[in-house]
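# Summary of the model geometry
Chain by chain, the residues run as shown.
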Amino acid sequence: MKRRRVKITGIGPVTPAGIGREEFWKGILEPVSRVRPYGKLGDEYGPLVAAYLDDFDVRRYCTHAKIPKGSSRQTLFAIAGVMLALKDAGISQEELDRTSCAVVSGSSLMDLGGTLASIDAVYKHGARGAKPRNIYTTVTSSTPSAINEVLGIGARTMALQSACCAGLDAIGYATALVADGEVDLAICGGTEAPLHRCPLLELRAAGLTPPTTEMPERLDRPFDLWRTTGVVSEGACMFIIEPETSPRKGYSYISGYAFANDESDDLCGGLAISTKMALADARIRPSQVEAISAWGPGHKLIDAAEARVIMGVFGKALNEIPVASIKGSIGTPLGAAPAIQVAAAALGQRYGAIPPTVNWEHPDPACPLNLSKSYRSVAHSCTLIDTHGLGGLNASLVLERC
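Residues numbered from 1 in each chain as written. Predicted model: local features only at pLDDT ≥ 70, side-chain atom pairs only at ≥ 80, totals over all residues. Heavy atoms only, no water.

### Thoughts on the packing of aromatic side chains
What counts, and what does not: Each Phe, Tyr or Trp ring (for Trp, its six-membered ring) is paired with any other whose centre lies within 6.5 Å, and the angle between the two planes then decides the class: stacked below 30 degrees, edge-to-face above 60, tilted in between. Only Lys NZ and Arg CZ are tested; either one counts as a charge over a ring when it is within 6 Å of the ring centre and within 35 degrees of the ring normal.
Counted according to the given criterion, the structure contains five aromatic pairs. Ring geometry for F56 and Y61: centres 6.3 Å apart, planes at 15 degrees, overall stacked. Here R36 stacks its cationic end above the ring of Y52, 3.9 Å away from the centre of that ring. We note R350 situated over the ring of Y251; from NZ or CZ to the ring centre the distance is 3.9 Å.

Encoded structure:
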């Protein structure tokens, strides 16, 4: 059977830069960091920063009665993203009911907020403090199940948990389902709400989020000479993807996808493999790539390793290819980050713009990429999206403008 070409027809971002397609696009083009002091855990745990959504209310996007009781914050983000994406695509409930669907979500972590609440309750009250509902609401599979319940459809569901690559892997997995004709519509993307004492304290101890609140808006500096580490954040982005025969206008075709692992002593080495495999899957040459959405979390070592890989794949042609990281704007919402990158890339293709790399001011000789701290008006049709996760995971995806 001939594989069908798959396109994105709806986008639903829920991010610190904006919620919904229009607010997000406006926000992600601003040279502004959303990183702020994060004091919700109290002073006892020391200084923490994050990019976060402090006025999020899922009831603005979905009838509260439809939401499963006890749904985690990351599930609520995903539900809002789905409702926004369906609205963006112009898909009615009636059409959804008669269409074969799949729901695929990606998250790096289970709901640690719910897990910690249960642990605290048992510590305080003994066995009677156990929260049985948490068995169902804290696992990552609860997110696509909740989406299924809210929409009232019998979609096939899948949850992927591949570190920070999870959101991109979910899109890649869902794309294969549509391309192979297993379903005619897929709801897919990534969601994450990790701003709890665990994993924040562990990430800070590991040097993966800053130990200070001094000048928070300057802390996340992708590819900048004076970068130190990334900043953990929260958010989601969900998509509607359909075959090219769909009557709806698409943003971009998902032309290629691949994943690969690092060798134990080769940071981001697997990214070279996933990039080349994704380009091969899309049947395009490196010379045809016109923009790169880099992982670029702002970490001293990871940024340099990613830049080395990009230079190795594209060589001298890299001088003419705009590269951007959106992490200086929104931090790194773990498994949701690559899905948000896909949204920025697809909207960038439609509107002919490359988002700024916020806080990139001092070029690093180890990262000689074509970056800009301001957004650039650049018509482009082919974008490479790269992601990297703890454990040496990597994933790459190619978008081509519809």
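### Remarks on the layout of surface pockets
Test applied: The rule is simple: put a 1 Å grid over the protein atoms alone, call a set of points where a 1.4 Å probe fits but cannot get out a cavity, call an open set with protein on both sides within 12 Å along at least five of seven lines a pocket, and count a residue as lining if it has an atom within 4 Å of a point. Grid points are joined across faces, edges and corners, and a volume is the space filled by probe spheres set on the points. Counting from the N terminus, the helices are DSSP H or I runs at least four residues long and the strands are E runs at least two residues long.
Computed from the structure, the largest pocket encloses a volume of approximately 470 Å³. Taken together, 21 residues form the lining of the largest pocket, with R3, T175, I254, S255 and D281 sitting closest to its centre. Contributions of two or more residues to the lining of the largest pocket are made by α7 (166-179), β9 (252-261) and α9 (269-282). Take the lining of the largest pocket: its biggest share by element is six residues, from α7. Within this model, the second largest pocket holds a volume of roughly 360 Å³. Forming the boundary of the second largest pocket are 21 residues, of which C164, L203, L208, L334 and L390 lie nearest the centre. If you list the elements that add at least two residues to the lining of the second largest pocket, you get α8 (197-205) and β14 (382-389). Ranked by residues supplied to the lining of the second largest pocket, first place goes to α8 with three residues.

### Remarks on the nonpolar core
Short version of the rule: Grouping buried Ala, Val, Leu, Ile, Met, Phe, Trp, Tyr and Cys residues that are joined through side-chain atoms within 4.5 Å yields what is termed a nonpolar core. Exposure categories follow from relative accessible area, calculated using a 1.4 Å probe and restricted to protein chains: below 20% of the type maximum is buried, above 50% is exposed, and the middle band is partly exposed. Residue contacts are counted whenever heavy atoms from the two residues lie within 4.5 Å of one another.
In this structure, I8, I11, F239, I241 and L399 are the most contacted members of the largest nonpolar core, which totals 42 residues. Secondary structure elements with two or more residues in this core: β1 (6-15), α1 (21-28), β5 (101-106), α7, β7 (185-192), β8 (235-243), α12 (337-351) and β15 (393-401). Among residues more than four places away in sequence, those in contact with I8 are F239, I240, I241, K249, G250, Y251, S252, I254, V342, A346 and L399.

### Digging into helix α4 (residues 112-125)
Keep this limit in mind: By this rule the span expected of a helix is its residue count minus one, scaled by 1.5 Å. Two N or O atoms count as a polar contact when they lie within 3.5 Å, although within protein this holds only if one can serve as hydrogen donor and the other as acceptor, and sequence-adjacent residues are included solely when both atoms are side-chain atoms.
Between its terminal C-alpha atoms α4 stretches 20 Å, which fits the 20 Å expected from 14 residues at 1.5 Å a residue. Taken together, the buried positions of α4 are occupied by G113, G114, L116, S118 and A121. Against α5 (134-137) and α8 lie the buried residues of α4. For α4, the N-terminal cap is D111; the gap from its side-chain oxygen to the backbone nitrogen of G113 is 3.2 Å. Positive phi shows up at G126, right after α4, with a value of about 80 degrees.

### Observations regarding unusual backbone geometry
Excluding glycine, residues mostly have negative phi values, and the peptide bonds linking residues are mostly trans. Omega for the peptide link from C198 to P199 comes to 25 degrees, which places this bond in the cis form. On the secondary structure map, P199 appears in helix α8. Unusually for a residue other than glycine, C268 sits at a positive phi of about 65 degrees. Here C268 lies in the loop between β9 and α9.

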